[in-house]
Amino acid sequence: MNNQTSTELPAFNPTSEAGFRDPAEICIHARQENPVFFYEPLGVWIVTRREDIVQVVTEWQTFSSESNNPDVPEAFQERFPQDLMDKMVTAMDPPHHTQARRVLQASFTKPKLEPLAPVIEARAHAIIDEILADPATDRTGCDIMNSYFLNLTTKTLMALMDLPDSDRPLFEAMRLHGGMILAQTREVFPEPARSELWEAYVSENEYFRNLVEQRRDSDGIDVISTCASARLPNGDPALSAERIAQHMAEISFAGTDSTAQAMANAVMFLADKPEFVTEALANSDLWGNVFEETIRRRPSAPFTGRTTMKEVTLSGVTIPKGAAVWVALASANTDPSHHSCPMEFDIHRENPTDHLSFTTGRHTCLGSPLARVQGPIGIKALYERLPEVRMVADQPLVFADIALLPIRQQFLIQW
């Protein structure tokens, strides 16, 4: 259990230093005293207890995902209609969500991804070789987030999409812009930054639409070809080129940043538990537990959102129809009613996958099988090569200022 008293706990503020440092900790007092409350700075209802959160993410008829999408500025709607934005995987309910998910999931099944493990491992070691061979590498303050974690996840996903190395700048831009676009559901960007962001995002989407058309009915096994070649029973394409391009933008963010964030967080937690590093180096099966416990304790996305379709009561609090609801996944994963010693980082938990970091139900993260292959491999390779690695103490918290999807932009290590 967390030994802090209620008066010592930080206030709930997802974009404060305390919120970026530990999203679970800022939820403790609320979960104890005020488990469902309206958070005026973001105009959303916050839900903190695991039991309530499971209800929200599984009862789609009551808690809809269809408002989990930003409004497309009028100047861009001819090139990127609002209807297209409304068909993001994270912003649909059945039956439309079911159809899109079925097409996309074909590329992210466990049997398809597990054979990639040795390829990912070889790629991880090659990246570490490059870091160690680079005379410019600062071994007292190396930014491992960009040089290794994001480098690894980016190369893996680009390979899954069969993109050439020359497309990396465009892919990385789409990844960054995709996260920022998603954040606009509740967080407003000022002009001219907002228009510049949308211009870049729409242009990137148009580039991927052309790739989809080029790969229609191909025999390729990459993600884009698989989606482009999927057909309905009547022979029509299962998804339009615009839809597939939009889903690739979603995947580019979810499949890179989230896993990279998790690997960095593992280094942070293991810094206080060096005995777990020793154990995992002796028993490689434990690296999977390291990854699962990391994302339990600190999900890469601490919150996910829904909209109420009718008035509903949670933990005795009535939420009106049409209200924006954010469920605190970081809080659900550290709810003492479900987990013993919930704030403690422990790779020996009896059921390591018993968390909601990938949510649950119809909107369970599509990329979770890939994350569960790549995450443990990336952490394992780092510690095999640099067993004494540790994060630089008292380093600045360099996060993108986005409450729903806080992205650590720099993470310094030394060895």
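Before reading on, note that the structure itself is shown above.
How each quantity is defined
- Residues numbered from 1 in each chain as written.
- Predicted model: local features only at pLDDT ≥ 70, side-chain atom pairs only at ≥ 80, totals over all residues.
- Heavy atoms only, no water.
- Helix = DSSP H or I, 4+ residues; strand = E, 2+ residues; numbered from the N terminus.
- Rg over C-alpha atoms; globule rule 2.2 N^0.38 Å.
- Contact = heavy atoms within 4.5 Å.
- Areas by Shrake-Rupley, 256 points an atom, 1.4 Å probe, with all protein chains shown as cover.
- Buried < 20%, exposed > 50% of the residue type's maximum accessible area, 1.4 Å probe, protein only.
- Pairing = 2+ DSSP bridges.
- Axes fitted to C-alpha atoms, helices over the stretch in contact; angles between N-to-C directions.
- Arc of directions from axis to C-beta.
- Salt bridge = Lys/Arg side-chain N within 4 Å of Asp/Glu carboxyl O.
- Phe/Tyr/Trp six-rings, centres within 6.5 Å; stacked < 30°, edge-to-face > 60°.
- 1 Å grid on protein atoms, 1.4 Å probe; cavity = no way out; pocket = protein on both sides within 12 Å on 5 of 7 lines; lining within 4 Å.
- Points joined across faces, edges and corners; volume = space filled by probe spheres on them.
- Nonpolar A, V, L, I, M, F, W, Y, C, P; charged D, E, K, R; others polar.
- Polar contact = N/O pair within 3.5 Å; in protein donor to acceptor, adjacent residues only side chain to side chain.

Asker: When you look at the overall build of the protein in this model, what are you seeing that I'm missing?
Answerer: Helix and strand counts for the protein come out as 17 helices and 10 strands. At 21 Å, the protein has a C-alpha radius of gyration in line with the 22 Å of a compact globule built from 415 residues. Structurally, the protein occupies a C-alpha span of about 55 × 55 × 40 Å along its principal axes. For the protein, long-range pairs separated by at least 24 residues make up 71% of all intrachain contacts whose partners lie at least 6 apart in sequence. Carbon and sulfur atoms provide 51% of the accessible area of the protein, an area that totals close to 17,500 Å².

Asker: I'm lost on the pairing of strand β2 (residues 44-47) in this one. Help?
Answerer: Look at any regular strand and the pattern is simple: side chains alternate between the two faces of the sheet. Residues V44 and I46 point to one face of β2 and W45 and V47 to the other, with burial holding for every one of them. Here strand β1 (residues 36-39) pairs with β2 via four bridges, running antiparallel. Of the residues in β2, the one forming a bridge with F38 is W45. In sequence, β1 turns back onto β2 through a hairpin of four residues, with G43 there showing a positive phi of about 65°.

Asker: I keep staring at the environment of L163 and nothing clicks. Help me out?
Answerer: Structurally, the position occupied by L163 is in the loop between α8 (144-161) and α9 (168-183). Under the relative-accessibility criterion, L163 is labelled buried at 9%. In sequence terms L163 and D222 are 59 residues apart; their C-alpha atoms lie 9.3 Å from each other.

Asker: Help me out: how do you make sense of the sheet that holds strand β3 (residues 63-64) in this one?
Answerer: Either a parallel or an antiparallel arrangement is found when strands of a sheet pair, and the pairing is made through backbone hydrogen bonds. Spatial ordering of the open sheet is given by β1-β2-β8-β5-β3, a layout of five strands whose pairing is mixed. Both edges of this open sheet fall to β1 and β3, since each of them pairs with a single strand only. In terms of strand pairing, β2 meets strand β8 (residues 324-328) through three bridges, oriented parallel. Within β8, the residue paired with I46 across the bridge is W326. Contacting β1, β2, β3, β5 (303-308) and β8, helix α3 (residues 50-58) runs over the sheet at an angle of about 130° to β8.

Asker: How do you make sense of helix α14 (residues 274-282) when you look at a structure like this?
Answerer: An α-helical turn contains 3.6 residues, so any two residues separated by three or four positions project in the same direction. Residues F276, V277 and A280 constitute the buried set of α14. Each buried residue of α14 lies within a common arc of 105° when the element is viewed along its axis, so the set occupies one face. In this structure, α14 carries T278 and A282 as exposed residues pointing more than 90 degrees from its buried face.

Asker: Help me understand the pattern of salt bridges in this model?
Answerer: Pairs can form between side chains of opposite charge once their charged atoms are near each other. This model, assessed by the stated rule, comprises 17 salt bridges. Its salt-bridge partner being R297, residue D22 comes within 2.7 Å of it at the nearest N-O pair. Separated by 275 residues along the polypeptide, D22 in the loop between α1 (17-21) and α2 (28-33) and R297 in helix α15 (residues 286-297) bring together distant segments of the chain. No difference in accessibility class separates D22 from R297, as the two residues are buried. Here the residues in one salt-bridge network are R79, E199 and E206, joined through shared partners.

Asker: Sorry if this is basic, but what is going on with the packing of aromatic side chains here?
Answerer: How two aromatic rings sit relative to each other is given by the distance of their centres and the angle of their planes. Evaluation of the coordinates by the stated rule reveals 14 aromatic pairs. Pairing F80 with W198 gives two aromatic rings, centres 6.3 Å apart and planes at 70°, and the pair type is edge-to-face. Of this pair, F80 sits in the loop between β3 and α4 (82-85) while W198 sits in helix α10 (residues 193-214); the two residues are 118 residues apart in sequence, bridging distant segments of the chain. With respect to burial, F80 and W198 carry one shared label: buried.

Asker: Even after reading the chapter, I still don't get empty space enclosed by the protein, so can you show me in this structure?
Answerer: Over the atoms, a rolled probe matching the size of one water molecule traces out where space is still vacant. Evaluated as defined, the whole model comprises six cavities of 30 Å³ or more. If you add up the space inside the second largest cavity, you get close to 70 Å³. What lines the second largest cavity is simply P23, Q261, N265, R298, P299, S300, P302, F399, P406 and R408. Residues that form the lining of the second largest cavity fall into these classes: five nonpolar, three polar and two charged.

Asker: Just checking my understanding: could you explain the sheet that holds strand β4 (residues 142-143) for this structure?
Answerer: If you trace the three strands from one edge of the open sheet to the other, you get β4-β10-β9, paired in antiparallel fashion. At either margin of the open sheet sits one strand with a lone partner, and together these are β4 and β9 (390-391).

Asker: Quick question: what am I supposed to make of the side chain of H339 here?
Answerer: Inspection of the secondary structure assignment puts H339 in the loop between α16 (329-332) and α17 (368-385). Among the residues examined, H339 registers a relative accessible area of 7% and is labelled buried. A distance of 3.5 Å separates a polar atom in the side chain of H339 from the backbone oxygen of N333. When neighbours within four sequence positions are excluded, H339 is seen to be in contact with R50, R296, A332, N333, T334, R349 and D354.

Asker: Sorry, what's going on with unusual backbone geometry here?
Answerer: Peptide bonds are, in most cases, trans, and in most cases residues other than glycine have a negative phi. Each neighbour pair has its own omega, and for E191 with P192 the value is 5°, a cis peptide bond. Along the chain, the position of P192 falls in the loop between α9 and α10. One non-glycine residue with positive phi stands out, namely D162, at about 55°. By secondary structure assignment, the location of D162 is in the loop between α8 and α9. Note on D162: relative accessible area 46%, which makes it partly exposed.

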